[in-house]
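Structure assessment
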Amino acid sequence: SDIANAQSLVATSWMIRQGTSLDRGASLSDGQAAEVQRLWRPLAAEAEALVAENWRAIERVAKALITHRELTGDDIDDLIAGRRLGERTSSVTVT
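Now for a description of the structure that goes with this document. (Residues numbered from 1 in each chain as written. Predicted model: local features only at pLDDT ≥ 70, side-chain atom pairs only at ≥ 80, totals over all residues. Heavy atoms only, no water.)

**Concerning the overall build of the protein chain**
Looking only at helices and strands, the protein chain features four helices and zero strands. For the protein chain, the residues scored as buried account for 16% of the 95 residues in total. (Helix = DSSP H or I, 4+ residues; strand = E, 2+ residues; numbered from the N terminus. Buried < 20%, exposed > 50% of the residue type's maximum accessible area, 1.4 Å probe, protein only.)

The structure is reproduced here in C-alpha cells:
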C-alpha cells in the first residue's frame, strides 16, 4: 500500500542517516523501529491534515478523472480553484 511504501521510505532514510547497512536481509532493531515510528507519526499526521484540508479539491479532481479520463494541468488548476472545467478566464493581453 502507499502507506507501507511511505513508511519504508522513512525507515530507509533514517537507516541511511544512521549509517546502517541497507542489505536486503537487514532489519531494524526494536529501538530503530521505535525511532522510525517516532519520525513517521508527525509525517502521517501532516499528510492526513493536508488531505482533509483539501478533500473537496481532491474529490473534484477524482470525479473529473472518472468522467473525462484525462485532465490537463490547467484543468486540475481550475478544479482546485473551485472552477468547472473550461471556466478558466483568459489571461491574454492585447496590445
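**Some remarks on the packing of helix α1 (residues 2–18) against helix α2 (residues 30–53)**
In contact at an axis separation of 10 Å, α1 and α2 are set at 125 degrees when each is read in the N-to-C sense. The orientation of α1 relative to α2 falls into the category oblique. Note that α1 runs across α2; the crossing there is right-handed. Along its contact with α1, which presents Ile3, Ala6, Gln7, Val10, Ala11, Trp14 and Arg17, the element α2 presents Gln32, Glu35, Val36, Gln37, Leu39, Trp40 and Leu43. (Axes fitted to C-alpha atoms, helices over the stretch in contact; angles between N-to-C directions. Parallel < 35°, antiparallel > 145°, perpendicular 65-115°, else oblique. Left-handed = near helix turned anticlockwise from the far one by under 90°. Contact = heavy atoms within 4.5 Å.)

**Focus: the environment of Leu43**
In this fold, Leu43 is placed in helix α2. Between the C-alpha atoms of Leu43 and Val10, which are 33 residues apart in sequence, the distance is 9.3 Å.

**What about the nonpolar core?**
With seven residues, the main nonpolar core is built from Val10, Ala11, Trp14, Met15, Val36, Trp40 and Ala44. Every element with two or more residues in this core is listed here: α1 and α2. No other element matches α1, which puts four residues into this core. Contacts of Trp40, omitting those with residues within four sequence positions, involve Ile3, Ala6, Gln7 and Val10. (Core = buried A, V, L, I, M, F, W, Y, C linked by side-chain atoms within 4.5 Å.)

**With respect to unusual backbone geometry**
Note: most residues except glycine have negative phi, and most peptide bonds are trans. If you check the backbone angles, Arg69 has positive phi at about 65 degrees while not being a glycine. With respect to the secondary-structure elements, Arg69 resides in the loop between α3 (55–68) and α4 (73–80). The exposure class assigned to Arg69 is exposed, which follows from its relative accessible area of 72%.

**Focus on the pattern of salt bridges**
Scanning all chains against the criterion turns up two salt bridges. Of the charged contacts, one joins Glu35 and Arg38 as a salt bridge, the two residues approaching to 2.6 Å between their closest N and O atoms. One end of the pair, Glu35, and the other, Arg38, are both in helix α2, three residues apart, so they sit about a helical turn from each other. A salt bridge links Arg83 to Asp78; its shortest N-O distance comes to 2.9 Å. Residue Asp78 is classed as buried on the basis of its relative accessible area, which comes to 2%. (Salt bridge = Lys/Arg side-chain N within 4 Å of Asp/Glu carboxyl O.)

**Some points on the environment of Glu35**
Here Glu35 falls in the partly exposed class, since its relative accessible area comes to 23%. Taking the C-alpha atoms as reference points, Glu35 and Trp14, 21 residues apart in sequence, are found 8.4 Å from one another.

**With respect to α4**
Of all the residues in α4, the buried ones are Asp75, Asp78 and Leu79. Projected down its long axis, α4 carries its buried residues within an arc of 95 degrees, all on one side. Looking at the buried residues of α4, the elements they touch are α3. A positive phi of about 90 degrees marks Gly82, the residue just after α4. (Arc of directions from axis to C-beta.)

By themselves, these are just geometric observations and shouldn't be taken as functional.
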